[in-house]
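# Structural features, examined
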Amino acid sequence: MKNFVQRVKEQNRIPKSGEIKTAKDSFLRGAFWGLLLLSLFIMAFAGFYFRTGLPIALQVSAYVLLGIFAFYLFRWVASVLKAITDHFPIRYLSIILAVIGIVLLAQELRLSWPNDVLNYTLAAFIIGAIFIGGATYSLIKKQGSIAFCTFSVVLGLVCFYLPLRQVIPSGEDSYPVDFQPVIKNSLTDLGISNPSENGDYSFKYFTYGSGNNDRRPEFGDSVDYQTETVDASLLLPDWSGKKKKWRERFWGFGIEEAPINGRVWMPEKEEKSPIVLIVHGNHGMEHFSDPGYAYLGELLASRGFITVSVDENYINGTWSGDFRGKEMPIRAWLLLKHLEQWKNWTEDTSSDFFERADLENVILIGHSRGGEAVSIAAQFNELAYFPDNANVKFDFNFGIKGLVTIAPTDQRYFRRMELKNINYLSLQGSYDADEVSFFGLRQYQRINYTDSLEYFKAGVLIHRANHGQFNSIWGRRDFGEPYGWFLNTGALISGEEQRKAAKVYISAFAERVFNQREDLEPLFVNSATAADWLPNTVFLNNYSTSKDSILVNYEEDIDLTSTSIGKAAGNNLMVWREQPLMMRGGETQGTNAVILGWDNDSISATAAYQLSLNDSLDMANYSELLLTLGRASDKDLEVADTTDIDFQIQLITDSDTFATSLLQHKRLAPKLKVRYMKLEGMNNSFGGNWEIATESVSIPLSDFGADSTTVKSIRFIFNQTEKGLIALDNIGFRH
């Protein structure tokens, strides 16, 4: 046994400089040091990106020490194998084993690279470290051929470069679009000012918080106004175990004393001001999200609206666990508790904010999971009890007039919100790699109007916008590094452009909700009316109001020939079916449509689709015809993505036919295809490079010359474009 231990020690001993006699021994020793440095780099790399809340320098140092330990552990394992079998190349096998082990460990520590990419990178880096380390040491010791060492260094550098060339370029727009929408009247020409420009009010900035946050002085010792904590334990019972332990160690408080923290931009004016709350989504909790909406806070405050960016970072995901949507109720409830705090202040005669906030005029804005949270908050606002636990009583009833969802989720909470009588805006980027479909339109579909007041809802798809750039600190990568290095950011518009679009739409929404600015309606109907306010990219608009009377929405049955108000008939169509519209990942968009396809050349006849009404409709009560349209797909009918789709639209009376064509009013955007990742194989998990994206179309009845007649049928004659394929939905009229 003693001899065996001695042999193991001898095998594990690193040769001293004086014992290295040959160029081979010198090269192998250099390779040893090269691989050791590589392993330490990998561990330092993992330590930098695997955030636990410890100081980065301390964490990196700890990971490097772990790497040294693991490196030598594997060398000892190899030495034992060598002593047993006498067949293992001890001088470098142990080193390679150590590097492999450490990289696999780093993968488990959420480096998250695809296995094939990681294995390729690992192999290339190991070979590169061997050649560069061995050649460099040989050159220093002046052993070995200069030509061979130079070749080895070059080869090693090439090995390092080959994996890096996959992530160094930012990427490109693989599907460029050249699209010019139909523009009849621009808002600027009509004398309407850009809502993204600062208003007339000066404002002050301050913070409020519970003072129990050692991590964030602005909500701790340096807070301007102190608030009471709230007990949220019944709303988030999943705050337990490892999640509880490490979160409380990081933050210094538990969910029983959840803070009410916010940063405020307050207009300086005497009268009460409407109030806007903005809440972030599930970014890493150590990378604080709430400062990233200052651009909105400053703009909205300058226009007379108190704006608060709410801190909910302490319930965000971290290395010790993500609540996986179980935290959605508390995200919503905390917003209402913030409003409750403002209610207390505005009713307190001793408060600096006495009669400053108008709690009957509230807009909630949420990003990502925060976008889903604002819809939940609007529902909770009207309830007496928490629906998941009646031990939590609600008594809010604030005047929430509008919701803005920015790239929202719609599936984290197990309940779906059915909202009534509220204004709604949702913004989504087509290059959002986090929420890859327009989930905000599903909530759009679930909003109905039942009273006599006027409301509107709008959805805006912004091509080449991503998830993160709506927040000024989240950045161009929707995934954290190092996995995020593979994202195709070269296709994106800039962060400034994306936030410019957000400022235009969110400010216009606030102006319309709080100040009844009906002159801004065209912006929500058709972004082309504000082309000089917005970045140069494609926008798709969905828009509906409480004044709309939708006659046909294809939700009633599976009979192609019947509708809720009469009959449907098709002639000479190559494609005619009704179906749920699907997202690229296989989920439903929350609405059905009819898919119509035609190829007049192939059948030598003109295709048509007609909706007949059981009861004629008097157009004197209406101002516009409404449609929702989008490009569709079908395995039996190929239509070029950029084909200008045009067809005749007819309103038929007992004695006459009034007609116009689509292209006189609306040019359908081409299919907006995306490539999220730079490596083609990494795009498969997103479910495809395209999904049906619809747009709202409104055509003035005066353009038909039918604004004072009685219509009994609506007919679509596909005689303008020889071949086409569309999704058609929400056919009706606007009062």
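Residues numbered from 1 in each chain as written. Predicted model: local features only at pLDDT ≥ 70, side-chain atom pairs only at ≥ 80, totals over all residues. Heavy atoms only, no water.

### Re the overall build of the protein
Per the secondary structure count, the protein includes 14 helices and 26 strands. Taken along its principal axes, the extent of the C-alpha atoms in the protein is 110 × 80 × 45 Å. The buried share of the protein, taken over its 735 residues, is 57%. Total accessible area on the protein is roughly 30500 Å²; 52% of this is exposed by carbon and sulfur atoms. A distance of 13 Å separates the average location of the 70 positive side-chain charges in the protein from that of its 86 negative side-chain charges. (Helix = DSSP H or I, 4+ residues; strand = E, 2+ residues; numbered from the N terminus. Buried < 20%, exposed > 50% of the residue type's maximum accessible area, 1.4 Å probe, protein only. Areas by Shrake-Rupley, 256 points an atom, 1.4 Å probe, with all protein chains shown as cover. Lys, Arg positive; Asp, Glu negative; His and termini not counted. Charge placed at Lys NZ, Arg CZ, Asp CG, Glu CD.)

### A few points about the packing of aromatic side chains
Evaluated as defined, the whole model comprises 40 aromatic pairs. Considering the side-chain rings of Phe206 and Tyr225, the 5.2 Å spacing of their centres and the 70 degrees angle between planes classify their relative orientation as edge-to-face. Here Phe206, found in strand β1 (residues 203-209), pairs with Tyr225, found in strand β2 (residues 225-226); they are 19 residues apart in sequence, far enough to count as distant. Assessed through its relative accessible area of 4%, Phe206 is described here as buried. For the pair Trp342 and Trp345, a centre-to-centre distance of 5.1 Å together with 85 degrees between the ring planes defines the contact as edge-to-face. Placement of both Trp342 and Trp345 in helix α9 (residues 328-347) is noted, with a separation of 3 residues, approximately one turn of the helix. Overall, the relative accessible area of 0% leaves Trp342 in the buried class. Connected via pairs of aromatic rings, a cluster forms that spans Phe206, Tyr208, Tyr225, Trp342, Trp345 and Phe353. Sitting above the plane of the Phe288 ring, Arg216 keeps its charged end 4.2 Å from the centroid. The ring of Trp690 is capped by Lys671, whose NZ or CZ atom sits 4.2 Å from the centre of that ring. (Phe/Tyr/Trp six-rings, centres within 6.5 Å; stacked < 30°, edge-to-face > 60°. Lys NZ or Arg CZ within 6 Å of the ring centre and 35° of its normal.)

### Digging into helix α6 (residues 146-164)
Over its 19 residues, α6 runs 27 Å from end to end, which matches the ideal 27 Å to within 8%, given 1.5 Å per residue. Looking at where α6 begins, the residue whose side-chain oxygen comes 3.2 Å from the main-chain nitrogen of Ala147 is Ser145. (Expected span 1.5 Å × (residues − 1). Polar contact = N/O pair within 3.5 Å; in protein donor to acceptor, adjacent residues only side chain to side chain.)

### What about helix α12 (residues 495-515)?
For α12, with 21 residues, the first-to-last C-alpha span of 29 Å sits near the 30 Å given by 1.5 Å per residue. A positive backbone phi angle near 55 degrees is found at Gln516, which sits one or two residues after α12.

### Side note on empty space enclosed by the protein
What the rule picks out here adds up to 6 cavities of 30 Å³ or more. Considered as a void within the structure, the largest cavity measures approximately 220 Å³ in volume. Taken together, 19 residues make up the lining of the largest cavity; nearest its centre are Phe438, Leu461, Glu691, Ile692 and Ala693. The set of elements that each furnish at least two residues to the lining of the largest cavity consists of β11 (423-429) and β14 (539-545). Class assignment of the residues belonging to the lining of the largest cavity gives a composition of 10 nonpolar, 7 polar and 2 charged. (1 Å grid on protein atoms, 1.4 Å probe; cavity = no way out; pocket = protein on both sides within 12 Å on 5 of 7 lines; lining within 4 Å. Points joined across faces, edges and corners; volume = space filled by probe spheres on them. Nonpolar A, V, L, I, M, F, W, Y, C, P; charged D, E, K, R; others polar.)

### Points about the nonpolar core
In this structure, Trp333 and Trp342 are the most contacted members of the largest nonpolar core, which totals 68 residues. Residue contributions to this core peak at 10 residues, all from α9. Beyond its immediate chain neighbours, meaning those up to four positions away, Trp342 contacts Phe206, Tyr208, Val264, Met266, Ile275, Ile306, Val308, Phe353, Ala357 and Leu359. Judged by nonpolar contacts, the second largest core, of 42 residues, contains Leu187, Val276, Ile278 and Ile365. (Core = buried A, V, L, I, M, F, W, Y, C linked by side-chain atoms within 4.5 Å. Contact = heavy atoms within 4.5 Å.)

### Some words on the packing of helix α5 (residues 115-141) against α6
Running from amino to carboxyl end, α5 crosses α6 at an angle of 155 degrees, the nearest separation of the two axes being 8 Å. As judged from the angle between their axes, α5 and α6 are roughly antiparallel. Crossing hand, α5 versus α6: left-handed. For the pair α5 and α6, the contacting residues are Tyr120, Thr121, Ala124, Phe125, Ile127, Gly128, Ala129, Phe131, Ile132, Ala135, Ser138 and Leu139 in the first and Cys149, Ser152, Val153, Leu155, Gly156, Leu157, Cys159, Phe160, Leu162, Pro163 and Leu164 in the second. (Axes fitted to C-alpha atoms, helices over the stretch in contact; angles between N-to-C directions. Parallel < 35°, antiparallel > 145°, perpendicular 65-115°, else oblique. Left-handed = near helix turned anticlockwise from the far one by under 90°.)

### Thoughts on a nonpolar patch on the surface
Together, Tyr120, Val154, Val158, Tyr161, Leu162, Leu164 and Ile168 line one region of the surface with nonpolar side chains, adding up to about 610 Å² of accessible area. The element best represented in the nonpolar patch is α6, accounting for 5 residues. In this fold, Tyr120 is placed in helix α5. (Patch = residues over 30% accessible without salt bridge, like charges linked within 9 Å, V, L, I, M, F, W, Y side chains within 5 Å. Salt bridge = Lys/Arg side-chain N within 4 Å of Asp/Glu carboxyl O.)

### What about the sheet that holds strand β22 (residues 648-652)?
With respect to topology, 6 strands assemble into an open sheet ordered β16-β17-β20-β25-β22-β23, the strand pairing being antiparallel. Only two strands of the sheet have a single neighbouring strand rather than two, namely β16 (562-563) and β23 (657-661). Bridging between β22 and strand β25 (residues 710-718) involves 5 bridges; their strand directions are antiparallel. Considered in β25, the bridge of Ile652 is made with Ser713. (Pairing = 2+ DSSP bridges.)

### Some thoughts on the environment of Lys457
Tracing the sequence through the fold places Lys457 in strand β13 (residues 456-462). The class of Lys457 is buried, set by a relative accessible area of 8%. Between the alpha carbons of Lys457 and Ser426 there is a distance of 8.4 Å; along the sequence they are 31 residues apart. Not counting residues within four places of it along the chain, the set of residues in contact with Lys457 comprises Tyr424, Tyr444, Ile447, Tyr449, Asn542, Tyr543 and Ser544. Side-chain polar atoms of Lys457 contact the backbone oxygen of Tyr444, separated by 2.9 Å.

### Details of unusual backbone geometry
The linkage connecting Glu481 with the following residue, Pro482, adopts the cis geometry, with an omega of 5 degrees. Relative to the helices and strands, Pro482 resides in the loop between β13 and α12. Not every positive phi belongs to a glycine, and Lys142 is a case in point at roughly 55 degrees. Tracing the sequence through the fold places Lys142 in the loop between α5 and α6. Accessibility expressed as a relative area gives 77% for Lys142, which makes it exposed. Although it is not a glycine, Arg324 sits at a positive phi angle of roughly 55 degrees.

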